[in-house]
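This is what each chain is made of:
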Amino acid sequence: MCRLMAYIGPPILIADVVLWPDRSIIKQSYDAKERKMDSSLPYHLAHGNLNGDGFGIGWFSSPDSKTCEDPTPCVFTSVTPAWNNDNLGRLSCKIVSPLIFAHVRAAYPGMPVSEQNCHPFQWGRYLWMHNGVVGGFMKIRRKLLACLSDEAYDTVQSFHSDSAISFAIFLHHLPHLHKPQSPQVLLTAMQATFATIRSVQEEASIEAISLLNFVVSDGVTMVATRFASDPEEAPASLYYAEGGSYQRVADSAAADSPLNATPGDAAAANAQTARRTSLTGEGSYGLTLGPVGNHVALVASEPITGSTAEWVPVPAGTALVISRERNGYINIMHSPLDASQGLKRMQEVARSLEAVYGSIEVPRQLPVGCPSTVSGTASEDLGRAVSGALEPLLIRLASNSIGEEQRIHAHGGPVLCIAVWDDRLIFSGSTDCLIKVWDLERQQHRQALTLTCQSVLHLTKTGGALWALTATHVDGQLYLLAGGQDSCVRAFSAAAAESTSSPANVLPQVCTKGQTGHYGAVLALAATDRYICSAGSDALICVWHKKTLALKMVLRGHRGSVLALLALGSLLVSGGRSGLLRVWDLDALVCRRTLAGHHADVLSMATVTRPQCTSTMPSPGTCLGAGPKIAQPAAGSAQPCVFASASADGTAQLWSTSSWVCLRIFQIPGDSCPTPILSCKLTSSNLYLGGSEGTIWAWPLEPLYTMYAERSPGALGSPRSSIRREASRGQLQQDPQGRRLLERSLREFVRIKTVSRDPELKEDCFRGAKYLSNKLEALGAEVKMCRTSDDVNPVVIGRLGRCKSKPTLCFYGHYDIQPAMEREWQTDPFELTAIDGYYYGRGTSDNKGPILAFIHAVQEMQQQESTGLPVNVAFVFEGEEENGSNGFHEAVKSNLHWFEGTQAIVISNTLWVGEKTPCLTYGMRGMIALSIEVTGPARDVHSGNEGGVFSEPLTNLMHVLGQLTDEQNISKIPGFYSDMRTDTLHPALQRLDASSEFSVSGYQATLGVPQLLNNSTIETILNARWCTPTLSIVDVRTGDSTAGVPDAGYRFGPTRFSVIPCSAIGNVSIRFVPDQTADELIAALKSHVHKEFAGLHSGNKIAVHVKSVGDFWDADPKSVLFQLAERAVLQEWGHLPLLVREGGTMPVASALEKLLSAPAVLIPMGPMGAYL
């Protein structure tokens, strides 16, 4: 059985991971400790510990090298034993790489020992290696090869090797062999590889066991698997580890420890330390904890460092996906390998990967009133704030306001956690393996509790490092909750714990690998009266029942790892890599709002709320098990009024839970580079911050509380009471604040020139998509920006709520607009202008205004409904509607899980029939866009020299176009009016007859035409507009349409009267109605055109080109959905809406109905003639 190892992290010498560690893969090549035995092989092969049939290393270029632009890795292989190859030692001591593969080989009988079969295998940008065997390989080899495409077949490097052919199968399942792929795509290709191998084995009735430990990387992402085909058979060993840095442990305490070096200095530090050791360079290596995030990950068949506590076994049947998220930190997720292990979990992992890696990054806005920098000392700021306006100010620490005694030089490493008892004792934990206890009254250090080997948050447990700790009470008993590297959350009874051993009496695990829970490391925990909440690197927040430990709900919305949780009564605040804070209502299990302000990772949060103890605090060192019971908080007790968030941007922010605004920003003094704040604690009188340099800082808060109590009584009320106050419907309707906010949003949105047809405004279109993303995130929605190709604008997808017991409503809109000819506007089209009760600006009605109206309506409902929205809401906004909706359907189809459970679609992109009465649209016509082209001479000719000697293309075209309709616009095409549904106008006339919204004279004036057709009545006009197929000639041009040559008349300027064009094109628009089919109409038109053209006996040629087809949309006004919409309009406007049809076409309505299997309702928001 082979041994393998892979490293991803800051650039490092290959020797540091291949040669020098005390349990390096070189040592494993002759002294493997965990090689799986195979009783089917001869004894000397089945029970040996040698891996001497060749080796290989692979590496990618370092980012600072001259070849960094080349994505292909390099490989060095040999058939000699790894422990006896001098070239390996020479190369490893000179090559620096951020991603390294190493493999030592033990060949099976019949497998040639050759460099061609040595791992890792390389093709294009990919490295691949394998430990194990494909069961029955020789019997199924030809069938496996038959599964490959021609391109993938050409990548097979050895037809003797099951590993090489497995690599080719993986490449076969990639959508493109040469383009970089996302982590989601690499995982999907790996899962498809397993499915292919298993399918071929089942077809051939192979019973031999497959051991498939694969590792693949493209230089950015690494996917590693551990798998045995027989569930009762243990797979080959595989471990992983992660940390802030991976470095050599210094040989003496006096030596400068490289453990404190930055990741970029790792290679130099290790090489320097190696020179102080033996000639071979061997030594001890270790992983240090990253205070903000981890930079290094290792995967190996056996641990390569001396501390096995750093390594976590990869669960059987699992794929590890290792890549970098925001700010370059390593993220590791676990995924099932095939559907038999849980299709739902595979889908959930895909969604988590999408949340961490799949979204286009959206910049955030600072909260109102939160400055990034304010000068002055703390005392000066406080004095000015108390005497002046209540504007949030940045408070900087100054010796004249707080004093040096409030700065505690606590630890020799970063302070990772702080606990405060009664404003008297401070407990601080650090990477220096100490928990220190400080007495604030006596201004002295009281006691230090030493941990044996690991940092405070790196406690040894079989499941790997524990990165999240919290305490809670269940039925009066104190329990410790721990979450960590293996993605599990465990509960321990503190009453049974002993001071010298790990906690005993483990309760059932909150999340287990094979069922539900997290897919990555658990990084944060919080407990409320009813729930335990956990969050981690998979961008998920899991909510568990406190007593049964059963999963209640999975909350999504963060982009990147969730690093901090804070319980505020029945609310939960979360923060992470995105820098956003999300406020969750645990009663409704929905996100109520987001808070923006931090520019980097949110690492810690704290509030003043704490459980009350029935006796005094035990002295330091006292066993928790001997302590008192924890009293349950009384029902209806006061909720926290403020909370603090600390970030890697070097600031802590104090937030009000009443108004949800930032009250103050605190910043640790230092140089221009921000000092990450790793931990914070908030008490009734002080704010404590723990920095990465090992110092604890403190700020007094009494002046702030006094100031806000005097200036804004009740401003610091409880969060739940504030929600109830906001829920007064009458108060909201009378308050014009909502209208002002909507107007301000529309003004900002109109200023963005999202013209999709103008290539020079692509960046503006992108800004428009980001603007909507920010708006949706402010609602608390999950957001994704996606596009199917680089030449189309992003589609913005959002989701608010995923409660399966609630229906899902989908809202569609488009943020792109038509060009605005400024000279035709009386006002600036990109500045919102109010005139006589109407808003003017490009996009106000089509379609930016309706989009924002819906978003603000959802926001108002959130405030009114204290138990959450009655529905889940899905949003989809495209940026190419005015340009053919390129890529929109593909984007929706590839993200259908965002619309899961949709029962209705709402679209607001049509118009009223008049000016005053709201309408509901129950039908739209379909559209066929086509061109008729007549071509003649090979080139344009002169009218004076050649005119009158041949049939001219433009003359022929005009004749054909003239035979399409008569003088009353009635089509001459045979069968043009066949199959049209009758009486579709009747529902509209029933209410229009009693309304004064539409008149013949008013309609004619609005159009600005001198006269309408003969016998024009309201019924004939509306029937012609809405219910009858029509044909219109919309443009006539000259020039070659296929070559892109411009119109000859435009090309020759003043000489255009002397040019006979070689070709002429007429653009035709056909609108068709329900029950007609586009194919039949196109065939009828082509037949008629060719017949009329043949009658000219012209030598020219004619062709019909179909440009686009959009289907009609039709709804039943008596349907349940329509009646719901009618009741809503009646409740808001006081009378029933008019029922109208549209003569225009919106293909997206019928397309979304088919994609989402749900009916649509069209609710127009613009008056007749509002083409803005």
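Along every chain, residues carry numbers that run from 1 in the direction the sequence is written. At least 70 in pLDDT is required for a residue's local features to be given in this predicted model, at least 80 for side-chain atom pairs to be given and counted, and no such filter applies to totals for whole chains, interfaces and linings, which use all residues. Neither water nor hydrogens contribute to the side-chain values; these are computed over all heavy atoms in the structure.

1. Concerning the overall build of the chain
Our working rule: To qualify as a helix, a DSSP run of H or I must reach at least 4 residues; to qualify as a strand, a run of E must reach at least 2; elements of each kind are numbered from the N terminus. Three labels apply to residues, based on accessible area from a 1.4 Å probe with only protein chains included: buried if under 20% of the type maximum, exposed if over 50%, partly exposed otherwise in between. Note on contacts: a residue pair qualifies if any of its non-hydrogen atoms lie within 4.5 Å across the two residues.
Counting its secondary structure elements, the chain contains 27 helices and 56 strands. Residues classed as buried in the chain amount to 55% of the 1172 residues present. Taking all contacts inside the chain whose residues are at least 6 apart in sequence as the whole, residues at least 24 apart take part in 68%.

2. Some words on empty space enclosed by the protein
Note the cut-off: Both cavities and pockets are sets of points on a 1 Å grid over the protein atoms alone; in a cavity a 1.4 Å probe fits but cannot get out, in a pocket the set is open with protein on both sides within 12 Å along at least five of seven lines, and lining residues sit with an atom within 4 Å of a point. Grid points are joined across faces, edges and corners, and a volume is the space filled by probe spheres set on the points. Under the scheme applied, nonpolar residues are Ala, Val, Leu, Ile, Met, Phe, Trp, Tyr, Cys and Pro; charged residues are Asp, Glu, Lys and Arg; polar residues are all the others, including Gly.
Here the structure, examined in full by the defined rule, presents five cavities of 30 Å³ or more. If you list the elements that add at least two residues to the lining of the largest cavity, you get β28 (551-555), β32 (590-595) and β41 (795-800). Examining the composition of the lining of the largest cavity, we find that three residues originate from one element, β28, more than from any other. Its residues assigned to classes, the lining of the largest cavity shows 10 nonpolar, two polar and four charged. The volume enclosed by the second largest cavity comes to roughly 100 Å³. Considering the residues around the second largest cavity, the lining is formed by 13 residues, among which R351, E354, A355, E782 and W898 are closest to the centre. Those elements giving two or more residues to the lining of the second largest cavity turn out to be α10 (343-358) and β40 (782-786). Tallied by class, residues from the lining of the second largest cavity come to three nonpolar, four polar and six charged.

3. As for the pattern of salt bridges
Filter applied, for reference: Salt bridges are defined as contacts in which a side-chain nitrogen from Lys or Arg sits within 4 Å of a carboxyl oxygen from Asp or Glu.
Counted by the stated rule, this structure contains 22 salt bridges. Between E348 and R556 there is a salt bridge whose closest N-O contact spans 2.6 Å. In this pair, E348 sits in helix α10 while R556 sits in the loop between β28 and β29 (562-568), placing the two residues 208 residues apart along the sequence. R556 shares its class with E348; the two are buried. Taken together, the shared-partner salt bridges in this structure form one network comprising R981, D1075, D1114 and R1141.

4. Side note on the environment of P1164
The residue P1164 is located in the segment after β56 (1160-1162) in this model. Look at P1164 and you get buried, because its relative accessible area is 4%. With 257 residues separating them along the chain, P1164 and I907 place their C-alpha atoms 7.9 Å apart. Setting aside residues up to four positions removed in sequence, P1164 forms contacts with S908, T910, L911, W912, C919, L920 and T921.

5. Re the sheet that holds strand β53 (residues 1101-1110)
Strand pairing in a sheet relies on backbone hydrogen bonds, with the paired strands running either antiparallel or parallel. Just so we agree on the cut-off: Being paired, for any two strands, means DSSP has found at least two bridges between them. The angle between two axes is taken between their N-to-C directions and runs from 0 to 180 degrees, where each axis is a line fitted to C-alpha atoms and a helix contributes only its stretch in contact.
The four strands lie next to each other as β50-β52-β48-β53, forming an open sheet whose pairing is antiparallel. Both edges of this open sheet fall to β50 (1030-1038) and β53, since each of them pairs with a single strand only. Neighbour-to-neighbour, the strand axes of the sheet open up by a mean angle of 20°, direction not taken into account. Here strand β48 (residues 926-935) pairs with β53 via nine bridges, running antiparallel. Note on β53: the bridge partner recorded for L930 is V1106.

6. Observations regarding the sheet that holds strand β31 (residues 581-585)
Strands sit in the order β29-β30-β31-β32 across an open sheet of four strands; the sheet is antiparallel. Edge positions in the sheet fall to β29 and β32, since each of these pairs with one other strand and no more. Each adjacent strand pair in this sheet contributes to an overall mean axis angle of 25°, direction not counted. In this sheet, β32 lies alongside β31 in antiparallel orientation, the contact comprising five bridges. Within β32, the position partnered with L581 by the bridge is L595.

7. Some remarks on the pairing of strand β30 (residues 571-576)
Burial analysis of β30 places six of its six residues in the buried class, which makes it a mostly covered element. Every second residue of β30 is oriented toward a common face, with L571, V573 and G575 on one face and L572, S574 and G576 on the other, all of them buried. With six bridges joining them, β29 and β30 adopt antiparallel strand pairing. What sits directly across from A564, in β30, is G575. In this antiparallel pair of consecutive strands, β29 and β30, the connection spans two residues, and G569 shows a positive phi of 65°.

8. A word on the UniProt feature "repeat: WD" (unreviewed entry) in the chain
Counted only if it meets this: UniProt positions are given in the numbering used here, feature names are shortened, and annotations may be inferred rather than shown by experiment.
Under the feature "repeat: WD" (unreviewed entry), the UniProt entry names residues 408-448 and 555-587. For the annotated span residues 555-587, helix accounts for 0% and strand for 58% of the residues, and the straight-line distance between the end C-alpha atoms is 13 Å.

9. Side note on the packing of helix α5 (residues 137-146) against helix α7 (residues 162-172)
Basically, it comes down to this: The labels follow the angle: roughly parallel below 35 degrees, roughly antiparallel above 145, roughly perpendicular from 65 to 115, and oblique for the rest. Each helix crossing is assigned a hand: it is left-handed if the near helix lies turned anticlockwise from the far helix by less than a right angle, otherwise right-handed if that turn is clockwise.
At their nearest, the axes of α5 and α7 sit 11 Å apart, and the two run at 25° to each other. Overall, the two elements α5 and α7 adopt an arrangement that is roughly parallel. Taken as a pair, α5 and α7 cross one another with a handedness that is left-handed. Side by side, α5 and α7 meet where F137, R141, L144 and L145 of the first sit next to D162, I165 and I169 of the second.

10. Digging into the packing of α7 against helix α8 (residues 183-203)
Working note: a packed helix pair is described by the angle between its axes plus the distance between those axes. Orientation of α7 relative to α8, taken along the N-to-C sense of each, is 125°, at an axis distance of 8 Å. Here α7 lies oblique to α8, going by the angle between them. Regarding α7 and α8, the two cross each other, and that crossing is right-handed. Together, S166, I169 and F170 of α7 and L186, A189, M190, T193, T196 and I197 of α8 make up the contact between the two elements. Of the residues in the contact of α7 with α8, the class split is six nonpolar, three polar and no charged.

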